[in-house]
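Here is how the chains run, residue by residue.
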Amino acid sequence: MRVLAAMSGGVDSAVAAALAVEAGHEVVGVHMALSRNREQFRAGSRGCCSIEDAGDARRAADVLGIPYYVWDLSERFEDTVVADFLSEYEAGRTPNPCVRCNEHIKFEALLDKATALGFDAVATGHYAQVVTRQVTQTGPDGAPVTRTVRELHRSPNEAKDQSYVLAVMGQERLARSIFPLGGFTSKDEVRAEAERRGLSVSNKPDSYDICFVSDGDTQGFLKARLGARTGEIVDTSGEVLGEHEGAYAFTVGQRKGLSLGRPAADGRPRYVLEVEPVSNRVVVGPAELLTVDRIEGDRSVWLADDVLADAGWAPDATGPRAASGWFEASVQVRAHGAPVPARVRAVVGPADGEGEPADATGSRAQGSRMEVELTGETLRGVAAGQSLVVYQGTRVIGQSTVQRAYRARRAPGAAR
Amino acid sequence: MSPAALEAFVAELTATGNPSSLHAAGRSARRVVEESREAVAAALGARPSEVIFTAGGTESDNLAIKGLFWGRRTTEPRRRRILVSAVEHHAVLDPAFWMAEHTGAEIVLLPVDEEGRLDLDALRAELAAKGDEVALISVMWANNEVGTIQPVQEVVQIARPYGIPVHSDAVQAVGQVPVDFAASGLDALTLTGHKLGGPMGVGALVAKRGLPLTPVLHGGGQERGVRSGTLDTPAIRAFAVAVTEAVAARAARAEHLAALRDDLVRGVRAAVPDAVLRGPDPSTEASARLPGNAHFTFPGCEGDSLLYLLDSAGVQTSTGSACQAGVPQPSHVLLAMGVSEEDARGALRFSLGATSTSTDVERLRAALPQAVARAQAAGLASSGRPAGTARESTTTTTGRRPA
């Protein structure tokens, strides 16, 4: 196959490219330039868009003996990932830019450009596995039809597993994606592979920050891009407790940085419960009000037609509240959060008169909304805008963007 | 490296003398350096004492821009303006802008027409207005991207009444078109080894004696005190061999390259009718362009996609000059010629050399249609725009600093 290896300049993507070469593919390395400020140079290595990283990627490509290109996707990145980041915060939500980068840049702009240029697949250094199964069904004429089903699964390396941020890519793109590090159980193993091949990035530290917030100061970045907008911090009764410089800088569940002059009457810590973009107010209150057991999501992506079919989903279902049946699963709402048990169903059309209408094409068509009932543990501080991923075991079933999270069950001990 | 240059290079590597030493080995090395200086001077219509050996084109350009600016400022402090064409190589532009940022120089980017040729009227107007404030003028002999040959002699004539020294970066020109330093009237001229079949990392600034040239590198006082540093005898000898050879072979080689290039231009136009030739059209202005150069923009394509696709088909091309991070940027040369950023993204430069053959041109012609179709599809895919829509394009003015 002709494989494009996305090379960030880090150790993971370098080893992924090496493994693609060793698997016998015809590999070309591509580094994506994502920063608008092309002269940006950061000390150390923290993210995916510094000149130093581009140089490291080039060096790795040279060691592997593969052609290397830099693709300038900075405009698209700014228009999608950064713009979404800003508008989501501005709307009082909490976005995950890495999810949007996978959605719009790595598995759309990059993958589609690669496909147009004649590549069969894109290889990345993500920790996740694509499992291929042959499924035989009875075709419309009664004859058996065998087709290949691709499932996205968690990496056996639980600490590094990135299936959470990959789920947004949807089913169709799995067929054009390769994750050579999928089977690795530890990062040390990957570093050893890098060292064995003479890849000088073997000791490079991991990156954690948001790549386009170069100093790690997200609040400062938001303030610089959105401007200061002074507003009130209130409690649940509406009493004003303090001021802030922009509601967009707050996240549901946040405790630090509220700078409230006086303590709560009961002396307990206060958390951000709600961010109201229109009134520019931040509502704070006690931790127990953050607990949720119902989550609704929109912009859903499904990666498991079979699970939805078993749940009674008709692909052409229509109507204001057409829905699949409930199915058992677990859901995860943070990149490094633990999954909790839940019942999930796909829903078409707007809920409570809100949300986007169902789309007629693409993987997002099958229920653009998702409803989740937590059946075991509850979750705390689930903010609108977060990515919610549905699993069955290690398999990714779907992904959705949290639109609303609330509490339906009474507190433990209360009578039903 | 050419075989003769390589032979000279290797032969000299076994010698040990430092040309600045007075012992026998040193004297022997000194003789090699001086004979090389004479050979370079003879090939370029210069006097040996005018040849200053450097570590290549970038150093020569830096020495010309910084050295002349500082040299003039000592005696005439009001001369703070540096006039350079907007299509200069970064080795000229960047030192000029550095001088503006750090030493109080003022940069004037002289505009070019849509073929990349310097606007002489703009130069005249600039000098008429502020000629007594100009420290130096630098205009390249021939452009490295679009191959346009600049009216260097006219620039010299226009500048002479104002007493302004003129430098020309002739890195692309020597060995391609006739270059005669004395006849040109230039005060300084840059050339480099690796463009002529010589080694990398060696070149020269040919500079008139008496030119006020402040050193950039200070030290042992070599090269008439203007360029300190132990002379690289093997590189200098190989450089001289290459210059001599390239100039001697120039006429025949240029004829061969021009014929091949004309085939290439016809072939590209036939294969991709909407490709746009940039720079002078060789079929109407044969002498206005470097013989081995052709340059096209391909609408809707990104140059690096074409580069990849053609490379896979065995045709090596270039998009222009790559920047520090290797991020393809719209060429400042094309922007100065009035090409939109959108169109400039689809630029591809074809350079033909001594080893190029008609088979190469044929291979390009065969590979191009599919490559262009794929590159156009890829351009749409990565832009996220639906087919048939164009990004709003911008044309930059020449006053802006090239990226």
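Residues numbered from 1 in each chain as written. Chains lettered and ligands numbered in written order. Predicted model: local features only at pLDDT ≥ 70, side-chain atom pairs only at ≥ 80, totals over all residues.

Give a detailed account of the overall build of chain B, specifying residues and quantitative values.
Counting secondary structure elements, chain B contains 12 helices and 10 strands. Scaling as 2.2 N^0.38, a compact globule of 403 residues should have a C-alpha radius of gyration of about 22 Å, and chain B matches this with 22 Å. Counting every position in chain B, which comprises 403 residues, the buried fraction comes to 51%. Counting only contacts in chain B whose residues sit at least 6 apart along the sequence, the fraction spanning at least 24 positions is 73%. (Helix = DSSP H or I, 4+ residues; strand = E, 2+ residues; numbered from the N terminus. Rg over C-alpha atoms; globule rule 2.2 N^0.38 Å. Buried ≥ 20, exposed ≤ 12 C-beta atoms within 10 Å, placed from the backbone. Contact = placed C-beta atoms within 7 Å.)

Go over the overall build of chain A with me, naming the residues and quoting the values.
When you go through chain A residue by residue, the secondary structure sums to eight helices and 19 strands. Relative to its 416 residues, chain A shows a buried fraction of 47%. Looking at chain A alone, contacts between residues at least 24 apart form 66% of all its contacts between residues at least 6 apart.

Any details on the domain arrangement of chain B? Residues and values, ideally.
All names here are of chain B. By the assigned domains, chain B splits into domain 1 (3–246) and domain 2 (251–383). Each of domain 1 and domain 2 was reduced to a C-alpha centroid, and the two centroids are 29 Å apart. Between domain 1 and domain 2, the residue contacts involve 18 residues of the former and 19 residues of the latter. Of the residues that constitute the side of domain 1 that touches domain 2, the class distribution is eight nonpolar, seven polar and three charged. (Domains from an automatic or database assignment. Nonpolar A, V, L, I, M, F, W, Y, C, P; charged D, E, K, R; others polar.)

Which residues make up the sheet that holds strand β9 (residues 293–297) of chain B, and what values go with them?
All names here are of chain B. One open sheet holds the three strands; their spatial order is β8-β9-β10, and the pairing between them is antiparallel. Two strands bound the open sheet, and with one partner strand each, they are β8 (276–277) and β10 (347–351). Pairing between β9 and β10: five bridges, direction antiparallel. The residue bridging Phe-296 from the neighbouring strand is Leu-348, located in β10. On the sheet, helix α8 (residues 233–271) packs against β8, β9 and β10 and is oriented at approximately 15° with respect to β9. (Pairing = 2+ DSSP bridges. Axes fitted to C-alpha atoms, helices over the stretch in contact; angles between N-to-C directions.)

Pulling in residues and values, what's your account of the interface of chain A and chain B?
Chain A puts 19 residues into the contact, and the matching count from chain B is 17 residues. Here the residues of the side of chain A that touches chain B sort into 12 nonpolar, one polar and six charged.

Quick one: what's the story with the pairing of strand β16 (residues 369–374) of chain A, residue by residue and with numbers?
All names here are of chain A. The buried fraction of β16 is high, at five of six residues. The pairing of strand β13 (residues 294–302) with β16 spans four bridges and is classified as antiparallel. Within β16, the position partnered with Gly-297 by the bridge is Met-370. Sheet topology note: the strand β15 (residues 340–347)/β16 ladder contains six bridges and is antiparallel. Looking at β16, one finds that Arg-343 is bridged to Glu-373.

Go over the environment of Pro-111 of chain B with me, naming the residues and quoting the values.
Along the chain, the position of Pro-111 of chain B falls in the loop between β3 (106–110) and α5 (120–130). Along the sequence, Pro-111 of chain B and Thr-148 of chain B sit 37 residues apart, while their C-alpha atoms lie 14 Å from each other.

How would you summarise the nonpolar core if you had to cite specific residues and measurements?
Formed by 240 residues in total, the largest nonpolar core has its most connected members in Ala-17 of chain A together with Val-243 of chain B. With 16 residues, α8 of chain B is the largest single contributor of residues to this core. (Core = buried A, V, L, I, M, F, W, Y, C linked by C-beta atoms within 7 Å.)

Which residues make up the domain arrangement of chain A, and what values do they have?
All names here are of chain A. Per the domain assignment, the segments making up chain A are domain 1 (2–203), domain 2 (228–285) and domain 3 (290–406). The straight-line distance from the C-alpha centre of domain 1 to that of domain 2 is 38 Å. The interface of domain 1 with domain 2 comprises five residues on the first partner and seven residues on the second. Residue classes in the side of domain 1 that touches domain 2 are distributed as two nonpolar, two polar and one charged.

Can you tell me about the packing of helix α3 (residues 74–90) of chain A against helix α4 (residues 97–116) of chain A, naming the residues and giving the values?
Residue and element names in this part refer to chain A. Packing of α3 against α4 brings their axes to within 9 Å, and their N-to-C directions diverge by 160°. When the axes of α3 and α4 are compared, the pair comes out roughly antiparallel. For the crossing formed where α3 meets α4, the hand is right-handed. Seen from α3, the contacting residues are Arg-76, Phe-77, Thr-80, Val-81, Asp-84 and Phe-85; seen from α4, they are Pro-97, Arg-100, Cys-101, His-104, Ile-105 and Ala-109. Of the residues that constitute the contact of α3 with α4, the class distribution is seven nonpolar, two polar and three charged. (Parallel < 35°, antiparallel > 145°, perpendicular 65-115°, else oblique. Left-handed = near helix turned anticlockwise from the far one by under 90°.)

Describe the confidence of the model for chain B, with residues and values.
Residue and element names in this part refer to chain B. For chain B, the mean per-residue pLDDT works out to 91, and 93% of the residues sit at or above 70. Confidence drops under a pLDDT of 50 for residues 387–403, and excluding neighbours within four residues, the segment shows 22 contacts in the predicted structure. Prediction confidence for the complex, expressed as pTM and ipTM, is 0.85 and 0.80 respectively. (pLDDT = per-residue confidence, 0-100.)

Summarise the confidence of the model for chain A; cite the residues concerned and give the values.
Overall, the prediction assigns chain A a mean pLDDT of 86, with 88% of residues at 70 or greater. Scored below 50 in pLDDT, residues 38–48 of chain A makes 26 contacts in the model with residues more than four places away or belonging to other chains.

Please set out unusual backbone geometry residue by residue, giving values where relevant.
The phi torsion at Asn-280 of chain A lies on the positive side, around 55°, for a residue other than glycine. Mapping Asn-280 of chain A onto the fold places it in the loop between β10 (271–276) and β11 (281–285). With 16 C-beta atoms counted inside 10 Å, the residue Asn-280 of chain A sits in the partly exposed group. Its identity is not glycine, yet Glu-223 of chain B carries a phi of approximately 50°, on the positive side.

Run through the sheet that holds strand β1 (residues 51–54) of chain B, naming residues and quoting values.
All names here are of chain B. The mixed open sheet is built from seven strands, whose spatial order is β1-β7-β6-β5-β4-β2-β3. Bordering the open sheet on either side are β1 and β3, each of which pairs with just one other strand. Taken over all neighbouring pairs, the strand axes of this sheet differ in orientation by 20° on average, direction set aside. Summarising the sheet, strand β4 (residues 134–138) and strand β5 (residues 166–169) pair through two bridges and their orientation is parallel. For Ser-138, the partnering residue across the bridge sits in β5 and is His-167. Helix α6 (residues 152–159) rests against β4 and β5 of the sheet, and its axis sits at about 165° to β5.

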